[in-house]
Amino acid sequence: MTSASRGFFGRRRPSVDPARLPPGQYWTDDFPVLSAGPTPRTPIEDWSFTVRGGAAGTVTWTWEELGTLPTETFTVDIHCVTKWSKLDTTWTAISLDVLLERAAAEDAFVTAWSDGGYTTNVPLEDLIGGRAWLALAYDGEPLEPEHGGPARLLIPHLYFWKSAKWVRGLELRTDDEPGFWEGYGYHNYGDPWREQRYAGD
Amino acid sequence: MLDVPTWEGHLAGQHVDVRLTAEDGYQAQRSYSIASAPQDRSVTLTVDRLDDGEVSPYLVDVLQPGDALELRGPIGRYFVWEESLGGPLALIAGGSGVVPFRSMLRHHAAIGSAVPVRLLYSARSLPEVIFHEELVRLGAREAVDVRVALSRAWPDDWNGHRGRIDREYLREAAWPASSGPLVYVCGPTSFVEAVADALIDLGHDTDRIRTERFGATGSGLPAPSASQGGT
């Protein structure tokens, strides 16, 4: 049971529907950038996206090949473990259903890896069924490097560290291997609605 | 300064979550870097008051000695320094990004470490330099070199760097890339981006650069590490 903080009234945002903010989150209209290392800058001609470990073996798309795949443009809310939430963000992205189906994904766990050495782990079932994407554009513009461009994962139903920036591939695995932040004490799954910020939540 | 009876200790560079609760149950929480060393007796947070903030003005203007504060932590095991990580160490701060480095330098002093450290700290003007006297004192230690750079205004007799921490200054003042330093960069996003890019340009190893960014609106002080691939 938490007692009230003397003299704290808070600054509620009447325009924000509280039902859209997970517990402990606050609304922002900014787009903060938080990263553990420098922003990688891979030339687009050297860039590719790979899914390995599926029944179809290793499948790789160049940037040009990705451009031939169908994209969707949609609006979602995103929630960062550092407590900001940004509502109604618009993305143009390729559904991971398309990529994972091509790779004939079967195993239960996925590790996403990125330029710069970042990894994050997500159960396969969270990446299929129209709930996860490879995002190429934000608000109608190509994704800027500091926001993860040229391409990042977008898994809006989990805390945003799972939406790996500068993503270069997915590895399908039979075991669940904690990724970068998961290994530094953040929650293994990261559901904002259950406030799974840190290990043990 | 907080008295936390159940505190189990922290690592230099970690942060805490602070949660405020209004009478009607409304809550707001933010993350703040710990400014004290693991060896210090109390836990110190240094809070940069953001005019349009929700939590920082409360902590700076309303909170008084004796008030209770709900904390969670310590959090974050990445943007930390322990002696086993070695060095040489370059700590590069923009504005209130210096807070976790104050913890690291106090820790370094408390354990009598001989690991060479250089702190490059960029502030807009002299009055905005946090912990100035203490940093000068810490910088008087054999292994420690503290350099304050003033980017907008400086006294006539200022003998530190005048101007931004840019590539040229990093070339001259940070450890050379060839010495393989472990580099920590903390500050506003634009500062961290510029410094990290310049370091890579100068040949520093990406894997030896750890960054912590905070946005203008964001989370108050050195925000918790979200993710290299995340937000």
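Shown above is the structure to which this text applies.
Counting restarts for each chain: residues are numbered from 1 in the order of the written sequence. A letter from A marks each chain and a number from 1 marks each ligand, given out in the order of writing. Confidence filtering applies because this is a predicted model: local features only for residues at pLDDT of at least 70, side-chain atom pairs given and counted only at 80 or more, and all residues used for totals across whole chains, interfaces and linings. To get the side-chain values, all heavy atoms of the structure are used, and hydrogens and water are removed first.

Participant: Just checking my understanding: could you explain the overall build of chain A for this structure?
Facilitator: Within chain A, the secondary structure is distributed over 3 helices and 11 strands. The secondary structure listing takes helices from DSSP runs of H or I that are at least 4 residues long and strands from runs of E that are at least 2 residues long, numbered from the N terminus. Listing the helices and strands of chain A from first to last along the sequence gives β-β-β-α-β-β-α-β-β-β-β-β-β-α. Expected size for 201 residues packed as a compact globule is a radius of gyration near 17 Å; at 17 Å, chain A falls within 12% of this value. Looking at the 201 residues of chain A, the share that counts as buried comes to 55%. When checking whether two residues touch, look at their non-hydrogen atoms; a contact exists if any pair is within 4.5 Å. A separation of at least 24 residues holds for 65% of the contacts in chain A among residues at least 6 apart in sequence. Accessible surface, chain A: about 8,300 Å² in total, of which carbon and sulfur atoms supply 50%. Charged side chains of chain A number 18 positive and 29 negative; the gap between the two group centres comes to 10 Å. In this setup the radius of gyration rests on C-alpha atoms only. A globule is expected at 2.2 Å times the number of residues raised to 0.38. Throughout this description, buried means an accessible area under 20% of the type-specific maximum (1.4 Å probe, protein chains only), exposed means over 50%, and partly exposed covers the range between. Shrake-Rupley sampling with a 1.4 Å probe provides the accessible areas, and residues are treated as covered by the protein chains on show and by no other component. Residues counted as positive are Lys and Arg, residues counted as negative are Asp and Glu, and His and the chain ends are not counted. To locate a charge, take atom NZ for lysine, CZ for arginine, CG for aspartate or CD for glutamate.

Participant: I would appreciate a short explanation of the overall build of chain B in the present structure.
Facilitator: In terms of helices and strands, chain B carries 5 helices and 9 strands. Beginning at the N terminus, the succession of helices and strands in chain B can be written as β-β-α-β-β-α-β-α-β-β-α-β-α-β. Radius of gyration (C-alpha) of chain B: 17 Å, near the 17 Å computed for a compact globule of 231 residues. Along the three orthogonal principal directions, the C-alpha set of chain B runs to about 55 × 40 × 35 Å. Expressed as a percentage of its 231 residues, the buried residues of chain B come to 55%. Sequence separation of 24 or more characterises 71% of the internal contacts of chain B that already satisfy a separation of 6 or more. Carbon and sulfur atoms make up 47% of the accessible area of chain B, which amounts to about 9,700 Å² in all. Distance between charge centroids for chain B: 4 Å, based on 21 positive and 31 negative side chains.

Participant: Honestly, the pattern of salt bridges in this entry has me stumped. Any pointers?
Facilitator: Between side chains of opposite charge, pairing is possible as soon as their charged atoms come close. Each reported salt bridge corresponds to a side-chain nitrogen of Lys or Arg within 4 Å of a carboxyl oxygen of Asp or Glu. Under the criterion given, the structure shown has 29 salt bridges over all chains. The closest approach of N and O atoms between Arg41(A) and Asp197(B), which form a salt bridge, is 2.8 Å. Of the two residues, Arg41(A) is situated in the loop between β1 (26-27) and β2 (48-54) and Asp197(B) in helix α5 (residues 189-201); the pairing between them involves two chains. For Arg41(A), a relative accessible area of 47% corresponds to the partly exposed category. A salt bridge links Glu171(A) to Arg173(A), with the shortest nitrogen-to-oxygen separation between them at 3.7 Å. In this structure, a network of salt bridges that share partners links the residues Arg52(A), Glu171(A), Arg173(A), Asp175(A) and Glu177(A).

Participant: I would appreciate a short explanation of the sheet that holds β2(A) in the present structure.
Facilitator: Hydrogen bonds between backbone atoms are what pair the strands of a sheet, whose relative direction is either parallel or antiparallel. All names here are of chain A. Paired strands are those between which DSSP finds at least two bridges. With mixed pairing, 5 strands are arranged side by side in an open sheet as β3-β2-β11-β6-β7. With one partner strand each, in any of the chains shown, β3 (57-62) and β7 (119-123) form the two edges of the open sheet. Between one strand axis and the next, the sheet turns through 15° on average, direction left out of account. Taken together, the 5 bridges between strand β6 (residues 109-114) and β7 define a ladder with antiparallel strand orientation. Within the sheet, the bridge partner assigned to Trp113 lies in β7 and is Thr119. Axis definition: a line fit to C-alpha positions, over the contact stretch in the case of helices; interaxial angles, taken between N-to-C directions, run 0 to 180 degrees.

Participant: Would you take a moment to explain the interface of chain A and chain B for this structure?
Facilitator: Taken together, the contact pairs 48 residues of chain A with 53 residues of chain B. Values labelled buried area give the accessible surface lost by two parts on being combined, using a 1.4 Å probe and summing over both. For the chain A and chain B pair, buried surface summed over both sides reaches about 4,500 Å², with 50% attributable to carbon and sulfur atoms. Considering only the surface of chain A that becomes buried against chain B, Arg6(A), Phe8(A) and Pro38(A) emerge as the three largest contributors, covering 16% of it. Connecting chain A to chain B are 5 salt bridges. Here Glu193(B) ties to Arg41(A) by a salt bridge, and the two come within 3.4 Å at their closest N and O atoms. The definition of a polar contact used here is a pair of N or O atoms within 3.5 Å, where within protein one atom must be able to donate a hydrogen and the other to accept one, and adjacent residues in sequence count solely through side-chain atom pairs. Linking chain A with chain B are 16 residue pairs in polar contact (both at pLDDT 80 or more), by the criterion used here.

Participant: Help me out: how do you make sense of unusual backbone geometry in this one?
Facilitator: With the exception of glycine, most residues fall at negative phi, and the peptide bonds are largely trans. Residues and elements named next belong to chain B. Look at the link from Gly73 to Pro74: it is a cis peptide, with omega at 0°. Along the polypeptide, Pro74 turns up in strand β3 (residues 70-75). In this structure, the amide linkage connecting Gly87 to the following residue, Pro88, adopts the cis form with an omega of -5°. With respect to the element layout, Pro88 can be found in the loop between β3 and β4 (89-94).

Participant: I tried to follow the environment of Ala143(B) on my own but got confused; where do I start?
Facilitator: Residues and elements named next belong to chain B. Summarising the element assignment, Ala143 is placed in the loop between α3 (132-139) and β6 (144-150). With 25 residues separating them along the chain, Ala143 and Arg118 place their C-alpha atoms 8.4 Å apart. Excluding anything up to four places from it in sequence, Ala143 contacts His108, Ser113, Ala114, Val115, Pro116 and Val117.

Participant: It is not clear to me how the packing of helix α2 (residues 99-110) of chain B against α3(B) should be interpreted in this structure. Could you clarify?
Facilitator: In a packed pair of helices, the relevant descriptors are the angle between the two axes and the axis-to-axis distance. Residue and element names in this part refer to chain B. At their nearest, the axes of α2 and α3 sit 11 Å apart, and the two run at 40° to each other. Judged on the interaxial angle alone, α3 and α2 are oblique. For the pair α2 and α3, the sense of crossing is left-handed. For the pair α2 and α3, contact is made by Arg102, Leu105, Arg106 and Ala109 and by Glu134, Leu135 and Leu138, respectively. When describing relative orientation, an angle under 35 degrees is termed roughly parallel and one over 145 degrees roughly antiparallel, while 65 to 115 degrees is termed roughly perpendicular and anything else oblique. Rotating anticlockwise by less than a right angle from the far helix to the near helix defines a left-handed crossing, while the corresponding clockwise rotation defines a right-handed one.

Participant: What am I meant to see in α5(B) here?
Facilitator: Residues spaced three or four apart along an α-helix point in a common direction, a consequence of the helix completing one turn every 3.6 residues. Residue and element names in this part refer to chain B. The span you would expect from a helix comes to 1.5 Å times its residue count less one. With 13 residues, α5 should cover 18 Å at 1.5 Å per step; its first-to-last C-alpha distance of 18 Å lies within 8% of that length. Those residues of α5 that sit buried are Thr189, Phe191, Val192, Glu193, Val195, Ala196, Ala198 and Leu199. Of the residues trailing α5, Gly203 is marked for its positive phi of about 95°.

Participant: Explanation requested: the side chain of Glu182(A) in the structure shown.
Facilitator: Inspection of the secondary structure assignment puts Glu182(A) in helix α3 (residues 180-183). There is a polar contact of 2.8 Å between the side chain of Glu182(A) and the side chain of Trp161(A).

Remember that the coordinates give geometry; whether it matters functionally is a separate question.
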